[in-house]
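What the coordinates show
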Amino acid sequence: MTDPIRAMTAELAADPRSLVFLDLAEALRVRGQPEPAAKVARTGLARYPELADAHDVLARILADLDDVAGARAAWERALALAPGHAGASKGLAFLLFRAGDPRGALPYLEAAQAAAPHDAGIPAALARVRALLEVAEGLTAVEAPAAAGPQPPSRADGEAFEALASREAVLLFDAQGQRLAGGMRDPAGRDVGDAVAAHLAGVSREAARTARLLDLGAWQGVAAESRDGHLLLVPPAPDAVLLVARDPSVPVGRLVLEAEQAARGARAWLERLR
């Protein structure tokens, strides 16, 4: 079978002005080669500086490289060239959501849905953002500032996480499946934290790989719902995963908010150890 990347590379070499550079850059990005992908995208942009799709693909690559400012600038340029561009709208929504601003992300997601009504991923993202906003609106005035925007983790956050992990179904473990803090108990009350951590070893790598293949950007969480309870996995750090479990009576939106607050505390706790 012909390697599509090799075929597209040959096509671009034969005709440097070919728009195949868009597909080639994206294919390299998905394959996990962001540096070559960025080179291809920038070379194409030099020839087509007014092409919104070229700015969009470069932005996705820069987001994978954690160049947030560069990705934002590229997506904003794509929107300036093509107002309502679905990819750029989704990208800016992703950056805002990751920065802790779901309210800012909402209009971009709504614009993306209007531009791409058949994109199955947008309704799920909209549902998550709206659930978070509904939960935030129900918080007390004391709780609201913590949900208003990203704050650097503090010593108090770390101490709060220690207290939470000692009494709640919260488990922090590393990429090798070693428990770092907290625990999980089975219906008989036995601590199964070590077994759960070992079973979930490598989940962050698989989640990142799946998100990349589905063009979802960096993974933010994985949720599971059942009759017996709800689970949410979030990455407080690149080499750690936090598992939060709650009774099925707890709305998923509330679970997401609790997990993100716990992840902030876990991040502060991990920084104290390093």
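Residues numbered from 1 in each chain as written. Predicted model: local features only at pLDDT ≥ 70, side-chain atom pairs only at ≥ 80, totals over all residues. Heavy atoms only, no water.

**Examining the sheet that holds strand 3 (residues 222-225)**
Operational definition: Should DSSP find at least two bridges between two strands, the strands are regarded as paired. Only DSSP runs of H or I reaching four residues or more are called helices, and only runs of E reaching two or more are called strands; each is numbered from the N terminus. Comment: axis = line fitted to C-alpha atoms, over the contacting stretch for helices; angle = value between 0 and 180 degrees taken between N-to-C directions.
Within the open sheet, the five strands sit side by side as 2-1-5-4-3. Their pairing is antiparallel. The open sheet has two edge strands, strand 2 (179-183) and strand 3, and neither has a second partner. Between one strand and the next, the sheet's axes are offset by a mean angle of 15°, whatever the strand orientation.

**Quick look at the pairing of strand 5 (residues 240-246)**
Quick note on the threshold: Here the term buried applies to any residue with accessible area under 20% of the maximum for its type, exposed to any over 50%, and partly exposed to those in between, with areas from a 1.4 Å probe on protein chains only.
The buried fraction of strand 5 is high, at seven of seven residues. Neither face of strand 5 is open: one carries Ala240, Leu242, Val244 and Arg246, the other Val241, Leu243 and Ala245, and all of them are buried. In the sheet, strand 1 (residues 170-174) pairs with strand 5 via five bridges, with the strands oriented antiparallel. Bridging across to strand 5, Phe173 finds its partner in Val241. In the sheet, strand 4 (residues 230-237) pairs with strand 5 via six bridges, with the strands oriented antiparallel. The residue of strand 5 that forms the bridge with Leu233 is Leu243. Between strand 4 and the antiparallel strand that follows it, strand 5, lie two residues.

**With respect to the side chain of Ser89**
Note the following rule: N or O atoms within 3.5 Å of each other form a polar contact, as long as, within protein, one can give a hydrogen and the other can take it, and as long as residues adjacent in sequence are counted only when both atoms are side-chain atoms. By definition in these notes, contact holds between two residues if any of their heavy atoms fall within 4.5 Å.
Positionally, Ser89 belongs in helix 6 (residues 86-98). According to the relative accessible area criterion, Ser89 is buried, its value standing at 2%. At 2.9 Å, the side chain of Ser89 and the backbone oxygen of His85 are in polar contact. What Ser89 contacts, discounting residues up to four positions off in sequence, is Leu79, Gly84, Tyr108, Ala111 and Ala112.

**Some points on the nonpolar core**
The condition is simple: Side-chain atoms within 4.5 Å are what join buried Ala, Val, Leu, Ile, Met, Phe, Trp, Tyr and Cys residues into a set we call a nonpolar core.
Within the largest apolar cluster, 31 residues are counted, with the highest numbers of intra-cluster contacts made by Leu24, Val40, Ile61 and Trp75. Elements that contribute at least two residues to this core include exactly helix 1 (4-14), helix 2 (20-30), helix 3 (34-47), helix 4 (52-64), helix 5 (68-81) and helix 6. Among the elements that line this core, the one with the most residues is helix 4, at eight residues. If near-sequence neighbours (up to four positions away) are discounted, Val40 is found in contact with Leu12, Phe21, Leu24, Ala25 and Leu28.

**Concerning the side chain of Asp56**
The topology assignment puts Asp56 in helix 4. For Asp56, a relative accessible area of 7% translates into the label buried. A distance of 2.8 Å separates the side chain of Asp56 from the side chain of Trp75, its partner in a polar contact. Each residue touching Asp56, except ones within four places of it in the same chain, is listed here: Trp75, Ala78, His85, Gly87 and Ala88.

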